[in-house]
Amino acid sequence: MVRMSSLTHRGRRRGAEVGKNSEKELEGEEDSHQDRCLDTDDSGDSKDIRLNLMEEVLLLGLKDKEGYTSFWNDCISSGLRGGILIELAMRGRIHLEPPTIRKKRLLDRKVLLKSDSPTGDVLLDETLKHIKATEPAETVQTWIELLTGETWNPFKLQYQLRNVRERIAKNLVEKGILTTEKQNFLLFDMTTHPVTNTTEKQRLVRKLQESVLERWVNDPQRMDRRTLALLVLAHSSDVLESVFSTLADDRYDIAMNRAKDLVELDPEVEGTKHSATEMIWAVLAAFNKS
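Note that the structure is predicted; figures quoted are calculated from it, not measured.

A word on the layout of surface pockets. Roughly 380 Å³ of volume is contained in the largest pocket. Taken together, 19 residues form the lining of the largest pocket, with Leu 60, Lys 201, Val 239, Ser 242 and Val 243 sitting closest to its centre. Elements with a minimum of two residues in the lining of the largest pocket: helix H3 (53–61), helix H8 (198–211) and helix H10 (240–244). Class assignment for the residues of the lining of the largest pocket results in five nonpolar, nine polar and five charged.

As structure tokens, this is what we get:
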């Protein structure tokens, strides 16, 4: 904060034109700082591997040996798209428009561009371009529908993000967490991605388990925001039960009940509280309505 103040002060002394340049440089510096600090909120996180929310959700949903998600899971696709919106918000690229008398509800407020500087992630940057090019702006719920291709508007089918799971899986392969194999399923061959770095997945599972057991604070505003986002996304992607499946029965019940209490909170109420990350609650509100 001291550095920011000194930069601003210096910019004012140099005059209007230089001041604008300083603001742009500062904005880029803030974006860069947010990107560097993405996974440092939780001191228990690995320092060697950085995963974004989409990669974490997919990793939790993959069967370790088989290398694919459950064929019965029809929620993970929208969960991954919701993760993209939250990730972009946490990186300071998008935000919700300020509430007004007519648009107080999270689901009524549009997603606005805050910064179009690249994130370095293909899926995030592709989504960022869509949001930047869209006029008028759309809501969180509409963006999830557009990005999944579940829209009735044929003129907006170009917004669909294709092969998202495969693209995220390839990122995890490059990071040494998954590998790539081919499996035959009678009538067709399918590319699978078994987990090779079980340590990283176990770390992730343990992080979520501890968040609702040993570290439970019974207040989402006091939780690490990335852990909160991951709990919301894991629940919405229907992979949270498998996260708690290794727990003893009594601890499993406690974990599931606390997670249930968390996701059943009123997003409209929680989103207005001090220090709340509105996009997390807006995504939860969109999933609750769908």
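The discussion continues.
When pLDDT is averaged across the chain, the result is 85; 83% of the residues are at 70 or more. The model gives residues 1–27 a pLDDT under 50, and that stretch makes 10 contacts with residues more than four places away or in other chains. For residues 36–47, every residue scores under 50 in pLDDT, and the model assigns this stretch 20 contacts once sequence neighbours within four places are set aside.

Relative to the elements of secondary structure, Pro 99 occurs in the loop between strand E1 (94–96) and strand E2 (111–113). With 10 residues separating them in the primary sequence, Pro 99 and Arg 109 have C-alpha atoms 7.0 Å apart.

Let us now look at the side chain of Ser 78. With respect to the helices and strands, Ser 78 occurs in helix H4 (residues 76–90). Under the relative-accessibility criterion, Ser 78 is labelled buried at 17%. Ser 78 has contacts with Ile 144, Thr 148 and Phe 287, leaving out every residue within four places of it along the chain.

In this section: unusual backbone geometry. The peptide bond linking Glu 135 to Pro 136 adopts the cis configuration, its omega dihedral lying at -5°. Mapped onto the secondary structure, Pro 136 falls in the loop between helix H5 (122–133) and helix H6 (140–148). Phi angles above zero are rare outside glycine, and Asn 218 is one such case at about 55°. In this structure Asn 218 comes out as exposed when scored by relative accessible area, which is 61%.

Looking now at helix H13 (residues 278–289). Over its 12 residues, H13 runs 16 Å from end to end, which matches the ideal 16 Å to within 8%, given 1.5 Å per residue. Counting buried positions along H13 gives nine out of 12 residues, so the element sits mostly inside the fold. Elements that come into contact with the buried residues of H13 comprise H4, E1, H6, helix H9 (225–236), helix H11 (249–263) and helix H12 (267–270).

Remark: H9 packs on H13, axes separated minimally by 10 Å, with the N-to-C direction vectors making an angle of 10°. In terms of axis orientation, H9 runs roughly parallel to H13. The segment H9 lies against H13, with Arg 225, Leu 228, Ala 229, Val 232, Leu 233 and Ser 236 engaging Ile 280, Trp 281, Val 283, Leu 284 and Phe 287.

Across all of its chains, the model carries 14 salt bridges by this definition. Where Arg 91 meets Glu 87, a salt bridge forms, and the shortest distance between an N and an O atom there is 3.1 Å. Take Arg 91 and Glu 87: they sit in the same class, and that class is buried. For Arg 109, the salt bridge goes to Glu 278, with nearest N and O atoms at 2.9 Å. Highlighted residues: Arg 109 in the loop between E1 and E2 and Glu 278 in helix H13, separated in sequence by 169 residues. For Arg 109, a relative accessible area of 3% corresponds to the buried category. With a relative accessible area of 26%, Glu 278 lands in the partly exposed category. Connected through salt bridges with shared partners, the residues Glu 87, Arg 91 and Arg 226 form a single ionic network.

Conventions adopted
- Residues numbered from 1 in each chain as written.
- Predicted model: local features only at pLDDT ≥ 70, side-chain atom pairs only at ≥ 80, totals over all residues.
- Heavy atoms only, no water.
- 1 Å grid on protein atoms, 1.4 Å probe; cavity = no way out; pocket = protein on both sides within 12 Å on 5 of 7 lines; lining within 4 Å.
- Points joined across faces, edges and corners; volume = space filled by probe spheres on them.
- Helix = DSSP H or I, 4+ residues; strand = E, 2+ residues; numbered from the N terminus.
- Nonpolar A, V, L, I, M, F, W, Y, C, P; charged D, E, K, R; others polar.
- pLDDT = per-residue confidence, 0-100.
- Contact = heavy atoms within 4.5 Å.
- Buried < 20%, exposed > 50% of the residue type's maximum accessible area, 1.4 Å probe, protein only.
- Expected span 1.5 Å × (residues − 1).
- Axes fitted to C-alpha atoms, helices over the stretch in contact; angles between N-to-C directions.
- Parallel < 35°, antiparallel > 145°, perpendicular 65-115°, else oblique.
- Salt bridge = Lys/Arg side-chain N within 4 Å of Asp/Glu carboxyl O.

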